[in-house]
Amino acid sequence: MKKRAVFFDRDGVLNQDIGYLYKKADFVWMPNAIEAIRYINQKQIYVFVITNQSGIARGYYEEEDVKQLHQWMNEELAKYDAHIDDFFYCPHYENGNVEKYAISCNCRKPKTGLIEQAFSKYEDVDRQNSIMIGDKLSDVECAETAGLRGIHYKGENLLNLVQCELRNRNS
Ligand SMILES: [Mg+2]
Ligand SMILES: [Zn+2]
């Protein structure tokens, strides 16, 4: 049995985009983001985050900071009986300062590498009925290149948006 997935961009969709966020003290959930995630969980649909984190390549913070922030997000969500199934991030940036990450990769959105990583790791995902929500047009482009419906988020109530979009996609 295949499971649908909702792919979320992180900054500007699940949390306020303050630019190169990595500290939990600076993290502010977007309106009804937690409720939206819980709603998707209850529908037995995967919740994945796919996020460009070029701050790693730029030397602003490290992979470990990103992993810790993501772990903390799930600890916060657990207080509301919600969870993110997995996080996929791109640490790269071609003109970055940290040599190891300063490459032209295939995972920095709008490239589709992060979505493909999720599909490889979770083989039961129903690609045709999965969606991706992002606040940049590059997110929408990424989704469409990967064969998903891409939704451009503009700061509205995330729960309403998710309910509406999932209803549009049968069951
Ligand atoms: Mg964003
Ligand atoms: Zn990358």
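On a predicted model such as this, the values are computed, not experimentally measured, just so you know. (Residues numbered from 1 in each chain as written. Chains lettered and ligands numbered in written order. Predicted model: local features only at pLDDT ≥ 70, side-chain atom pairs only at ≥ 80, totals over all residues. Heavy atoms only, no water.)

Asks: If you had to explain the coordination of the zinc ion (ligand 2) to someone new, which residues and values would you point to?
Replies: At the metal site, the zinc ion (ligand 2) is ligated by Cys90 (SG), His92 (ND1), Cys105 (SG) and Cys107 (SG), and these contacts range over 2.0 to 2.3 Å. Coordination at the zinc ion (ligand 2) is tetrahedral, judged from the four donor atoms that bind it and the angles of 100 to 117° they form at the metal. Each donor residue of the zinc ion (ligand 2) belongs to the same chain, and together they define the spacing C-x1-H-x12-C-x1-C. With a gap of 17 residues between them, Cys90 in strand 3 (residues 86–90) and Cys107 in the loop between strand 3 and helix 3 (113–121) connect regions that are remote in the sequence. Side by side, Cys90 and Cys107 carry an identical accessibility label, which is buried. (Donors = N, O, S within 2.8 Å, 3.2 Å for Na, K, Ca; no water. Tetrahedral: all angles 85-135°; square planar, octahedral: opposite > 155°, others 65-115°. Helix = DSSP H or I, 4+ residues; strand = E, 2+ residues; numbered from the N terminus. Buried < 20%, exposed > 50% of the residue type's maximum accessible area, 1.4 Å probe, protein only.)

Asks: Describe the coordination of the magnesium ion (ligand 1), naming the residues involved and giving the relevant values.
Replies: For a metal with four tetrahedral donors the ideal donor-metal-donor angle is 109.5 degrees, whereas six octahedral donors ideally subtend 90 or 180 degrees. Those donors, Asp9 (OD), Asp11 (O) and Asp135 (OD), are the protein atoms that reach the magnesium ion (ligand 1), and they lie 2.1 to 2.2 Å from it. Sequence spacing of the donor residues for the magnesium ion (ligand 1), all on one chain, is D-x1-D-x123-D. In this pair, Asp9 is assigned in the loop between strand 1 (5–8) and helix 1 (33–42) and Asp135 in the loop between strand 4 (131–134) and helix 4 (137–145), connecting sequence segments 126 residues apart.

Asks: How would you summarise the pairing of strand 4 if you had to cite specific residues and measurements?
Replies: By the alternation rule, side chains of strand 4 split into Ile131 and Ile133 and Met132 and Gly134, which are all buried. Across three bridges, the pairing between strand 1 and strand 4 is parallel. Looking at the pairing, Val6 lines up with Ile131 of strand 4. The pairing of strand 4 with strand 5 (residues 149–152) spans four bridges and is classified as parallel. What sits directly across from Ile131, in strand 5, is Arg149. In this region the chain leaves strand 4, passes through helix 4 and returns to the parallel neighbour strand 5; the handedness of that crossover is right-handed. (Pairing = 2+ DSSP bridges. Right-handed = clockwise from strand over helix to strand, strands pointing away.)

Asks: Which residues make up the side chain of Ser130, and what values go with them?
Replies: Here Ser130 is to be found in the loop between helix 3 and strand 4. Overall, Ser130 belongs to the buried group, its relative accessible area being 0%. A polar side-chain atom of Ser130 sits 2.7 Å from the main-chain carbonyl oxygen of Asp126. Each residue touching Ser130, except ones within four places of it in the same chain, is listed here: Arg4, Ala5, Phe7, Val125, Leu148 and Arg149. (Polar contact = N/O pair within 3.5 Å; in protein donor to acceptor, adjacent residues only side chain to side chain. Contact = heavy atoms within 4.5 Å.)

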